[in-house]
Amino acid sequence: MTTTLYLAAATLLLANAGVGAWRIWRGPTSADRMLAAELISTSAIAVLLLLGAALELPALVDVALLFALLAAIATANFVTRTWTLLHEDRSAREEARRD
Amino acid sequence: MALSWAFDLLLAVGLIWLAWQTLFGHHRFAAVVSFMVFGLLMALVWVRLSAPDIALAEAAIGAGVTGALLLSALGRLPRHPEPRHLLRPWQRPLQLQALAAAGMLAVWLGWVAHRLPRPGLAREVASDLAATGVAHEVTAVLLNLRGLDTLLEVAVMLTAVALVWSLGPALRSFAPATALPGLPALTHLLHPLFLLVSAYLLWRGSHAPGGAFPAGAVLGAGGVLLLLTDSVPWMHRERYQRRLRALLAAGLMMFLAVALGGLLITGTFFAIPTPLAAPLILAIEVATALSIALMMMAFYLYGEPGR
């Protein structure tokens, strides 16, 4: 019974992550896409923990831990290295602010 | 049962959609983000296939470090790309030939996979597990029974570092578009966690999913976080270059030393005597994890430091 409940919750979370995939496709700004990826990453952590409980695989907790740590890396990279002022002119600065 | 079918179906549809977006999407940033999410879902697929070891490696390398590399590379490209170059007429037959070769290779690989013995070598590995010095089958195969494959993998990574560094001096990063006052604090708070998790994965490798590759990748990801805030200036200094290179090669050197030591003691290349197996494998794991972590950071410099 509990296993069914866990699997149902995992499936629901995965379907919910699908909405994030739609946002990645639709945009419109890079920040929207990055946040959608973070939403999917967080959902994946919950899915992994639920699967770990449902299938009785304690190793999945480690995978979830890794997901949580690496999500921070992706965001930090985005704000420092992707969202940069590539050209020092004003239009690029404006665009970076809007994007 | 119907539920797990629904879960797997959702996973498969999501994977194909993201792969399509990565390859044929018109927006470059969306393609990179799709690739990162593809890595996450791929890790879930490995979990569903009962392969938590591969899920760990995929999560650490596929979704984490590769995503970071692609995001940084994207930041260096011009915002408005040049129009795509169309194929010239004489290139068409070449393209068709490449497509046909790839298709034939795929069919051949499928045929070989179909012909593989079932249920595999799990029973042979389990019967030899006592002599390998570790209690987890995957680590036993990776570092003892098929240690040569892992040695060559580490050699390939070292070659890749040499190739990236041969492209030119390390790149300077551009200033971020907004002020980021929280980033140094985040790094100082998070980096100890990366060290802790990496040590935990390394220790766990001897009896459960984990081991040198995920541990090295996590340590490397923590190192990338340090590079983002310029917290490792020694990597760029002239007098540390020799030490840096020695550490980069440490994993491969340790592997080779153990393999040659086996040749001297037992007469067979890479034969590890059972009483020595446990400490030797631990030594290989520590050296390889350290090397892999530094290699991840070395890729991230996008060029040779100290030049």
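What comes next concerns the included structure. Here the structure is a predicted model, which means the values were calculated and not measured.

Definitions and cut-offs
- Residues numbered from 1 in each chain as written.
- Chains lettered and ligands numbered in written order.
- Predicted model: local features only at pLDDT ≥ 70, side-chain atom pairs only at ≥ 80, totals over all residues.
- Heavy atoms only, no water.
- Helix = DSSP H or I, 4+ residues; strand = E, 2+ residues; numbered from the N terminus.
- Expected span 1.5 Å × (residues − 1).
- Buried < 20%, exposed > 50% of the residue type's maximum accessible area, 1.4 Å probe, protein only.
- Contact = heavy atoms within 4.5 Å.
- Axes fitted to C-alpha atoms, helices over the stretch in contact; angles between N-to-C directions.
- Parallel < 35°, antiparallel > 145°, perpendicular 65-115°, else oblique.
- Nonpolar A, V, L, I, M, F, W, Y, C, P; charged D, E, K, R; others polar.
- 1 Å grid on protein atoms, 1.4 Å probe; cavity = no way out; pocket = protein on both sides within 12 Å on 5 of 7 lines; lining within 4 Å.
- Points joined across faces, edges and corners; volume = space filled by probe spheres on them.

All names here are of chain B. The end-to-end C-alpha separation of helix α2 (residues 28-48) is 30 Å, in line with the 30 Å expected for 21 residues at 1.5 Å each. Within α2, 16 of the 21 residues are buried, which leaves the element mostly enclosed by the surrounding structure. Looking one or two residues past α2, Ser-50 carries a phi angle of roughly 55 degrees, positive in sign.

Attention shifts here to the environment of Pro-209 of chain B. With respect to the helices, strands and loops of the structure, Pro-209 of chain B is situated in the loop between α8 (183-204) and α9 (212-228). By relative accessible area, which is 11% here, Pro-209 of chain B ends up buried. Put simply, Pro-209 of chain B and Ala-98 of chain B are 111 residues apart on the chain and 39 Å apart in space, counted from C-alpha to C-alpha. The contacts of Pro-209 of chain B, once residues within four sequence positions are left out, are Ala-59 and Asp-62 of chain A together with Pro-52, Asp-53, Leu-56, His-136 and Arg-204 of chain B.

So, about the packing of helix α2 (residues 30-54) of chain A against helix α3 (residues 59-82) of chain A. Residue and element names in this part refer to chain A. Contact pair α2 / α3: the axes reach a minimum separation of 8 Å and the direction vectors enclose 170 degrees. On the basis of the axis angle, α2 is roughly antiparallel to α3. Between α2 and α3, the residues in contact are Ser-30, Ala-31, Met-34, Glu-38, Ser-41, Ala-44, Ile-45, Leu-48, Leu-49, Leu-51 and Gly-52 and Leu-60, Val-61, Val-63, Ala-64, Phe-67, Ala-68, Ala-71, Ala-74, Thr-75 and Phe-78, respectively. For the contact of α2 with α3, the residue count by class is 16 nonpolar, four polar and one charged.

This paragraph deals with α2 of chain A. Taking 1.5 Å per residue as the helical rise, α2 of chain A with its 25 residues ought to reach 36 Å, and the 36 Å between its terminal C-alpha atoms agrees with that figure. Phi for Glu-56 of chain A, located one or two positions after α2 of chain A, is positive at around 55 degrees.

Turning our eyes to something else, we now look at empty space enclosed by the protein. The full count for this structure, using the stated rule, is two cavities of 30 Å³ or more. Each pocket or cavity is described by its volume, and for the largest cavity that value is around 150 Å³. Looking at the lining of the largest cavity, the elements with two or more residues in it are α2 and α3 of chain A together with α2 and α3 (52-76) of chain B. The leading source of residues in the lining of the largest cavity is α3 of chain A, at five residues. Across the lining of the largest cavity, the residue classes tally to 11 nonpolar, two polar and one charged. What lines the second largest cavity is simply Leu-14, Ala-17, Ile-40, Ser-43 and Ala-44 of chain A together with Leu-41 and Leu-44 of chain B. When residues of the lining of the second largest cavity are traced back to their parent elements, those giving at least two are α1 (2-26) and α2 of chain A together with α2 of chain B. Per-element tally for the lining of the second largest cavity: the top contributor is α2 of chain A, with three residues.

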